[in-house]
Amino acid sequence: MPGTMRGVYTNLTEIRRKVFREVAKVCYRMGDEPTMDRKQIDDAFDELPFQILPGDVATYRESVFLERAIVGERIRLAMGLPLQGVEKPRRISDGFNEAEVDNVSYYKPPLVNVIKFACNACQDNVYEVTNTCQGCLAHPCREICPKQAISFVDKKAHIDQDLCIKCGQCAKVCPYSAIHHHVRPCAAACGMHAISSDEHGRADIDYEKCVSCGQCLVNCPFGAIADKSQIAQVIWAIQHGDEVIAAVAPSFVGQFGGKGNVGKLREAFKLLGFSGVEEVALGADLCTVQEAEDFLDEVPDELPFMGTSCCPAWSVMAKMEFPKYAQTVSMALTPMTLTARMIRMQHPQAKIVFVGPCSAKKLEAMRKSVRSEVDFVLTFEEMSGMMDAKGIDYLSLKDDNKSDFEVASTDGRNFAVAGGVATAVVNAVHRMHPDLEVNVVHAEGLEDCRAMMKDAVRGKYPGYLLEGMACPGGCVAGAGTLAAINKSTAAVHRYAKRSPRENSTENSYRMLIPVLETGFTKNDKDTEVEESLVASKPVE
């Protein structure tokens, strides 16, 4: 089952976070020691695999040299650089000087990458007989096989893979459950069916389908899949003296420890050099009001149903696979974009960094059709690496004793949890029309989202509000999260209840919605899918 590793602190988790920490350390050192020349910088990055994996004995794989080569590729991705492979000798930092000069550039596609020589070449969609086979007299597996692919060798069942059509009937009827269905973990986690096997049996991503949800990278037990980061670019923006403001996603609660200590979070960001911190739940309130108004205006007269807009992976999937129903996905700008535009109104020269749980947000920030105003995107895990690099112990920080972000409502803060978006919109509709009944259906994971959308276009959900979340559990289960999903969900609910405002309609900033929407029209929806997918494809 995909997602079985989530919330378990594994060796992969440790290596991933060490990479973020050590890359951040070198970037900070470059600012603290402006006299560092190119050779010193190159040497500093080349030494990182040895610092992360010291000694001469392999810990995880057959060779310490292979371990360090893989870590070297992860370091490059953390630097925002493309993979370089092992075909010829290269320095880890090759190309970094261009990234350093162009420190406001977005990622060069692809965003999500397979480190080929780290891949285990797992079997995918293969049925095999295990040693628990008893060679029973009934032989139901052989009798039910439609292709006569099963025979008995030394009183044990044997499947001829050339004849097998992967129907799974044999596994269903085996009284000993002796037939196992091998599925590649990354492929099982991919709701877009974008992962297959290359000629060597290694994972291969179809970027025509990939929406960068990141579920593959957190479900690969060999750590062979990773996405690019902008840790270096954020650190340089701070060190260059820019005004850098963090916009923190509603799922932040509990990610760095504690029970929603917002004062500690502000203090941590201050120590990192950020000029300010804003809560994206504020934008969630505005998104809620916008979607509620759209629902009232368009469903069912203009649209047969309406889907929520905040999850970019879900919305791109829905528009790509159901193009005739693209307009049924809400036109509302996402909480990230609305919050960034509000920040930009008061801080026109600031660099805005979205900090959240999501890989797909990195692509959303790149869209030209929707001017997101977001300069950089970091996950919670990447932000944690920056804190570790600076030696910041989040829980030991003192609270600044300021009141919590009071502008965000309970409903806006609950956007982070599956079902929270639909609940917020329904509550907003009821504030506007108390007697109006709103039917809701929500799905978690892109497979279930696709099934929900299929049912909707078949007429099963007339006049419904559809909530789609690419990550099972909602944003609290995003690829860049630190905390276990159940603990994070509980923390978000506790924090949401602390808001002095219950409903999104109580947010005074709602009057800004027409201004914040400026420059975004329905024509933009036609290019959004194409633009997002192009941004995920490799550079040719």
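Residues numbered from 1 in each chain as written. Predicted model: local features only at pLDDT ≥ 70, side-chain atom pairs only at ≥ 80, totals over all residues. Heavy atoms only, no water.

I'd like to hear about the pattern of salt bridges, residue by residue, with values.
Throughout the structure, instances matching the rule amount to 28 salt bridges. One connected set of salt bridges, linked through shared partners, spans Lys-39, Asp-43, Asp-46 and Arg-91. (Salt bridge = Lys/Arg side-chain N within 4 Å of Asp/Glu carboxyl O.)

Pulling in residues and values, what's your account of the packing of aromatic side chains?
The full count for this structure, using the stated rule, is eight aromatic pairs. Consider the rings of Phe-45 and Phe-96, whose centres lie 4.8 Å apart with planes at 80°: the pair is edge-to-face. Highlighted residues: Phe-45 in helix α2 (residues 38-46) and Phe-96 in helix α5 (residues 96-101), separated in sequence by 51 residues. Under the relative-accessibility criterion, Phe-45 is labelled buried at 0%. These aromatic residues form a ring-pair network of at least three members: Phe-45, Phe-96 and Trp-236. Sitting over the face of the ring of Tyr-28, Lys-390 holds its NZ or CZ atom 4.7 Å from the ring centroid. (Phe/Tyr/Trp six-rings, centres within 6.5 Å; stacked < 30°, edge-to-face > 60°. Helix = DSSP H or I, 4+ residues; strand = E, 2+ residues; numbered from the N terminus. Buried < 20%, exposed > 50% of the residue type's maximum accessible area, 1.4 Å probe, protein only. Lys NZ or Arg CZ within 6 Å of the ring centre and 35° of its normal.)

Hey, could you go over unusual backbone geometry for me, with residue numbers and the actual values?
The omega torsion of the bond from Pro-109 to Pro-110 falls at 5°, within 30 degrees of zero and hence cis. Counting through the fold element by element, Pro-110 comes out in the loop between α5 and β1 (112-114). Val-299 connects to Pro-300 through a cis peptide bond whose omega is 5°. By the secondary structure assignment, Pro-300 is in the loop between α12 (281-298) and β11 (306-307). Non-glycine residue Gln-148 carries a positive phi angle of around 50°. On the secondary structure map, Gln-148 appears in the loop between α6 (140-144) and β3 (150-153).

How would you sum up the pairing of strand β15 (residues 465-469)? Please name residues and give values.
Most of β15 is tucked away, with five of its five residues classed as buried. Both faces of β15 are covered, namely the face carrying Leu-465, Glu-467 and Met-469 and the face carrying Leu-466 and Gly-468. Relative to β15, strand β14 (residues 440-444) is paired through five bridges, and the arrangement is parallel. Residue His-442 lies in a different strand from β15, and its bridge partner there is Glu-467. With helix α19 (residues 446-457) bridging β14 and its parallel neighbour β15, the resulting β-α-β unit is right-handed. (Pairing = 2+ DSSP bridges. Right-handed = clockwise from strand over helix to strand, strands pointing away.)

Which residues make up the environment of Ser-372, and what are the values?
Position of Ser-372 among the secondary structure elements: in the loop between α15 (360-364) and β13 (376-379). Measuring from C-alpha to C-alpha, the distance between Ser-372 and Gly-474 comes to 22 Å, with 102 residues separating the pair along the chain. Those residues in contact with Ser-372 that lie beyond four places of it in its chain are Met-336, Thr-337, Ala-340, Glu-364 and Ala-365. (Contact = heavy atoms within 4.5 Å.)

Could you give an account of the sheet that holds β14, naming the residues involved and the relevant values?
On the basis of which strands lie adjacent, the open sheet formed by three strands has the order β11-β15-β14 and parallel pairing. With partners counted over all chains shown, the strands left at the sheet margins are β11 and β14, one partner each.

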